[in-house]
Amino acid sequence: MLNNVISLIITIQNASLSNKKIIKLNLKKTLNPILKILIKEGLIENFIKHKNNCIIIFKKKIFVKIISKPSQRIYVNYNKIPKKLKGKGVFFISTSQGIMTDSEAKLNKIGGEILFYVF
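What counts and what doesn't
Residues numbered from 1 in each chain as written. Predicted model: local features only at pLDDT ≥ 70, side-chain atom pairs only at ≥ 80, totals over all residues. Heavy atoms only, no water. Helix = DSSP H or I, 4+ residues; strand = E, 2+ residues; numbered from the N terminus. Rg over C-alpha atoms; globule rule 2.2 N^0.38 Å. Buried < 20%, exposed > 50% of the residue type's maximum accessible area, 1.4 Å probe, protein only. Contact = heavy atoms within 4.5 Å. Areas by Shrake-Rupley, 256 points an atom, 1.4 Å probe, with all protein chains shown as cover. Axes fitted to C-alpha atoms, helices over the stretch in contact; angles between N-to-C directions. Parallel < 35°, antiparallel > 145°, perpendicular 65-115°, else oblique. Left-handed = near helix turned anticlockwise from the far one by under 90°. Nonpolar A, V, L, I, M, F, W, Y, C, P; charged D, E, K, R; others polar. Pairing = 2+ DSSP bridges.

### Focus: the overall build of the protein
Thought 1: What the protein contains, in helices and strands, is three helices and eight strands.
Thought 2: Going residue by residue from the N terminus, the α and β elements of the protein occur as α-β-α-β-β-β-β-β-β-α-β.
Thought 3: By the compact-globule yardstick of 14 Å for 119 residues, the protein fits well, its C-alpha radius of gyration being 14 Å.
Thought 4: Taken along its principal axes, the extent of the C-alpha atoms in the protein is 35 × 30 × 25 Å.
Thought 5: Residue burial in the protein is summarised as follows: out of 119 residues, 40% are buried.
Thought 6: Summarising the internal contacts of the protein: among those between residues at least 6 apart in sequence, 62% fall at separations of at least 24.
Thought 7: Accessible surface computed for the protein: about 7200 Å², of which carbon and sulfur atoms make up 52%.

This is the structure:
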């Protein structure tokens, strides 16, 4: 699953950096929570599902820092989740209750694997 997530995030970052407003890509069901979090945090405007395809509409440029990699997984307890740079951005954490943001993980007192940081 991590490879699908990283592939989605890199595709979104590349499209954002090349000033595209809309991209179309294949969507796996496991990636829906990530897109919903990106909408909730105001990083993308919307996504539209049509059969196996997904159209993503951007609001602004997105920058991504991938933390966990297949060769080196980074796990943290909820009280050891890193602080955001200048209070901006979102850490995505894979927990036993699904993928959530750093603030949700701290609120629920759940640790997990830090996937990436979006700002």
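Now that the structure has been shown, the text picks up again.
### Some remarks on the packing of helix α1 (residues 2-17) against helix α2 (residues 32-40)
Thought 1: Contact pair α1 / α2: the axes reach a minimum separation of 10 Å and the direction vectors enclose 40°. Here α1 lies oblique to α2, going by the angle between them. Crossing of α1 over α2 shows right-handed handedness. Contact residues: α1 offers V5, L8, I9 and I12, while α2 offers I34, L35 and L38.
Thought 2: The residue inventory of the contact of α1 with α2, partitioned by class, reads seven nonpolar, no polar and no charged.

### A closer look at the pairing of strand β1 (residues 22-26)
Thought 1: Residues of β1 alternate between two faces, with I23 and L25 buried on one and I22, K24 and N26 left unburied on the opposite face.
Thought 2: Inspection of the sheet shows β1 paired to strand β3 (residues 53-58) by five bridges, in the antiparallel sense. From the neighbouring strand, I23 faces β3, where its bridge partner is I56.

### Overview of the side chain of Q13
Thought 1: With respect to the helices and strands, the residue Q13 is situated in helix α1.
Thought 2: Overall, Q13 belongs to the buried group, its relative accessible area being 17%.
Thought 3: Those residues in contact with Q13 that sit more than four places away from it in its chain are I62, F63 and V64.

### Some points on the environment of N77
Thought 1: Looking at where N77 falls in the secondary structure, it is placed in the loop between β5 (75-76) and β6 (90-95).
Thought 2: Separated by 33 residues in the primary sequence, N77 and I110 have C-alpha atoms spaced 6.9 Å apart.

### A closer look at the sheet that holds β1
Thought 1: Spatial ordering of the open sheet is given by β1-β3-β2, a layout of three strands whose pairing is antiparallel. Every other strand in the sheet has two partners, leaving β1 and β2 (44-50) as the edge strands with one partner each. Within the sheet, the average angular offset between the axes of one strand and its neighbour, ignoring direction, is 20°.
Thought 2: Packing against the sheet, α2 makes contact with β2 and β3, and its axis sits at approximately 150° to β2.

That is the geometry; function is a separate question.
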